[in-house]
Amino acid sequence: MKRITYRTLALLFCGVMIVSLIAARPLMPEASAPSTHTLLAESQAAPIARAPAVVQPHPAPRPTRAYARGLADDVPRAPKTPAKRPVPRPAPAHIPGKGPRMRGTLVTQTARLDLYVGKNTFSADVIAARAAKFERVLIAAEDYFGTTLKRRVSVGFYRTPPKRGVRGMAYTDSGQVEVYYRSDEDIGRATTIVMHELGHHLEAQRYGEENQRLADTILHEGLATWIASIRWLDQCGASSWRERAQQLKAAGVPLRLRTAERSGADNAYELWASFVDYLSRQYGWKAFDALYASGRGRAPGSANYQRVLGKSLDALTDDWQAWVEQ
């Protein structure tokens with residue numbers, strides 16, 4: 001009886017263990033949706049209507065201030081145009097020898113100028129101290145006009161002019177300049193006159209002695225004054241020759257060209273410089289050069305304005321006046 005009982009208990013225990021093992025087994029997984037590459041491989045199958053997938057981009061982390069600053073440094077940028085630096089002009093070539101001998105004492109020589117001093121004018125020490133400045137105003141005049149001096153010029157300072165009111169004379173055929181000032185007068189204004197007279201030498205250099213000798217005085221004196229613009233306008237307190245003509249008109253000086261000297265030599269030179277400035281801007285330097293070379297004498301209006309520019313001097317004067325008054 002006991003054997004039967006033991007066998008029965010053993011069989012019962014085994015049955016319970018088998019049932020427990022069956023219950024613990026995992027169920028078979030359900031069929032899952034195929035992965036993307038599987039869908040691509042089964043492209044021949046009938047398509048399944050699906051809502052289009054919306055891809056949400058992952059926002060980049062917002063950089064901190066310090067990081068943003070560093071990131072900006074790493075981002076390639078268009079190179080900035082470097083600021084143009086003034087190119088220093090090389091020193092003018094020294095013209096050997098001496099310029100024409102002038103009365104008075106030879107004080108010093110620059111690269112292209114011989115400086116003389118007469119009696120009762122600026123002292124030799126004043127002129128010697130100013131020598132480099134005279135050379136610089138020559139360079140400035142050359143740069144402004146686009147013409148370079150090719151021979152030495154002698155510049156003499158004297159007290160008594162050949163005619164009352166004259167401040168300077170240019171002798172372009174002999175390479176000389178005379179400037180007339182007393183010892184107690186302004187050396188700065190005398191320097192401007194030197195620049196103006198050297199402008200006449202540059203005219204002769206550019207157009208030739210014969211054309212310069214026959215140049216219409218409006219163009220001849222107006223151009224030399226225009227060449228000295230850097231210093232002359234500064235002394236007038238004007239930024240341009242148009243503005244200077246406006247100042248003169250406001251002061252009661254009539255805007256006329258043929259008879260400008262009735263208002264004084266300086267006023268005439270400034271009005272003529274304004275006219276030169278207008279012509280060079282309106283017609284260009286090629287036309288202006290041809291006009292200058294068409295002169296038939298010093299008389300105002302002797303240049304052939306009609307042939308070169310297609311208008312008479314009077315018509316051009318009207319145009320210039322309108323330009324000034326704009």
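Just so it is clear, the structure is predicted and the values come from calculations on it, not from any experiment. (Residues numbered from 1 in each chain as written. Predicted model: local features only at pLDDT ≥ 70, side-chain atom pairs only at ≥ 80, totals over all residues. Heavy atoms only, no water.)

Chemist: What is the right way to read the overall build of the protein from this model?
Modeler: In terms of helices and strands, the protein carries 13 helices and five strands. A buried classification covers 37% of the 326 residues belonging to the protein. Expressed as a percentage of contacts within the protein between residues at least 6 apart in sequence, the contacts between residues at least 24 apart total 62%. Surface accessibility of the protein: about 20600 Å² in total, with carbon and sulfur atoms responsible for 56%. (Helix = DSSP H or I, 4+ residues; strand = E, 2+ residues; numbered from the N terminus. Buried < 20%, exposed > 50% of the residue type's maximum accessible area, 1.4 Å probe, protein only. Contact = heavy atoms within 4.5 Å. Areas by Shrake-Rupley, 256 points an atom, 1.4 Å probe, with all protein chains shown as cover.)

Chemist: Explain the packing of aromatic side chains to me, please; I cannot follow it from the model alone.
Modeler: Within a pair of aromatic rings, the relevant descriptors are the distance that separates the centres and the angle that separates the planes. Within this structure, the stated rule accounts for 13 aromatic pairs. Taking the centre distance of 6.0 Å and the plane angle of 25° together, the rings of Phe122 and Tyr181 count as stacked. With Phe122 in the loop between strand S2 (113-117) and helix H4 (124-145) and Tyr181 in the loop between strand S5 (176-180) and helix H5 (187-207), the pair connects residues that are 59 residues apart, well separated along the chain. Neither Phe122 nor Tyr181 differs from the other in exposure class; each is buried. Judged by centre distance (5.4 Å) and plane angle (50°), the ring pair of Tyr278 and Trp323 falls under tilted. (Phe/Tyr/Trp six-rings, centres within 6.5 Å; stacked < 30°, edge-to-face > 60°.)

Chemist: Explain the packing of helix H7 (residues 217-227) against helix H10 (residues 265-283) here, please?
Modeler: When two helices pack together, you describe them by how their axes are tilted relative to each other and by the distance separating the axes. Contact geometry for H7 and H10: axes closest at 7 Å, N-to-C directions at 90°. Taken as axis vectors, H7 and H10 run roughly perpendicular relative to one another. Counting all contacts with H7, which are made through Thr217, Ile218, Leu219, Glu221, Gly222, Leu223, Thr225 and Trp226, the residues of H10 involved are Tyr269, Trp272, Ala273, Phe275, Val276, Asp277 and Leu279. Across the contact of H7 with H10, the residue classes tally to ten nonpolar, three polar and two charged. (Axes fitted to C-alpha atoms, helices over the stretch in contact; angles between N-to-C directions. Parallel < 35°, antiparallel > 145°, perpendicular 65-115°, else oblique. Nonpolar A, V, L, I, M, F, W, Y, C, P; charged D, E, K, R; others polar.)

Chemist: How do you make sense of H10 when you look at a structure like this?
Modeler: One turn of the α-helix equals 3.6 residues, which is why residues spaced by three or four share an orientation. Taking 1.5 Å of rise per residue, 19 residues should cover 27 Å, and H10 covers 26 Å from first to last C-alpha, within 8% of that figure. Immediately beyond the C-terminal end of H10, within one or two residues, lies Gly284, with a positive phi of roughly 90°. (Expected span 1.5 Å × (residues − 1).)

Chemist: Quick question: what am I supposed to make of helix H13 (residues 313-325) here?
Modeler: The terminal C-alpha atoms of H13, which comprises 13 residues, lie 18 Å apart, in line with the 18 Å expected from a rise of 1.5 Å per residue. For H13, the set of buried residues is Leu313, Leu316, Thr317, Trp320, Trp323 and Val324. Projected down its long axis, H13 carries its buried residues within an arc of 120°, all on one side. The inward-facing, buried residues of H13 contact H7, helix H9 (241-250), H10 and helix H12 (305-309). (Arc of directions from axis to C-beta.)

Chemist: I would appreciate a short explanation of the environment of Trp285 in the present structure.
Modeler: Along the chain, Trp285 falls in helix H11 (residues 285-293). The class of Trp285 is partly exposed, set by a relative accessible area of 27%. Apart from residues lying up to four places away in sequence, Trp285 is in contact with Phe145, Arg206, Leu223, Trp226 and Ser280.

Chemist: Help me out: how do you make sense of the sheet that holds S5 in this one?
Modeler: The pairing of strands in a sheet happens through backbone hydrogen bonds and is either parallel or antiparallel. Ordered in space as S1-S2-S3-S5-S4, the five strands form an open sheet in which the pairing is mixed. Pairing within the sheet leaves two strands with one partner each, and these edge strands are strand S1 (105-109) and strand S4 (168-171). Taken over all neighbouring pairs, the strand axes of this sheet differ in orientation by 20° on average, direction set aside. Two strands pair when backbone bridges link them, and S4 and S5 are joined in this way by four bridges, in the antiparallel orientation. Bridge pairing in S5 links Gly168 to Val179. (Pairing = 2+ DSSP bridges.)

Chemist: What exactly am I supposed to notice about the side chain of Ser229 here?
Modeler: Note that Ser229 resides in helix H8 (residues 229-236). Overall, Ser229 belongs to the buried group, its relative accessible area being 3%. In contact with Ser229, other than residues within four places in its own chain, are Tyr144, Asp234 and Trp241.

Chemist: Would you mind going over the pairing of strand S3 (residues 153-158) with me for this structure?
Modeler: In summary, the side chains of a regular strand alternate between the two faces of the sheet. When you tally the buried positions in S3, you get six out of six residues, the bulk of the element. Summarising the sheet, S2 and S3 pair through five bridges and their orientation is parallel. Within the sheet, the bridge partner assigned to Leu115 lies in S3 and is Val155. In this view, the connection linking S2 to its parallel neighbour S3 by way of H4 has left-handed handedness. (Right-handed = clockwise from strand over helix to strand, strands pointing away.)

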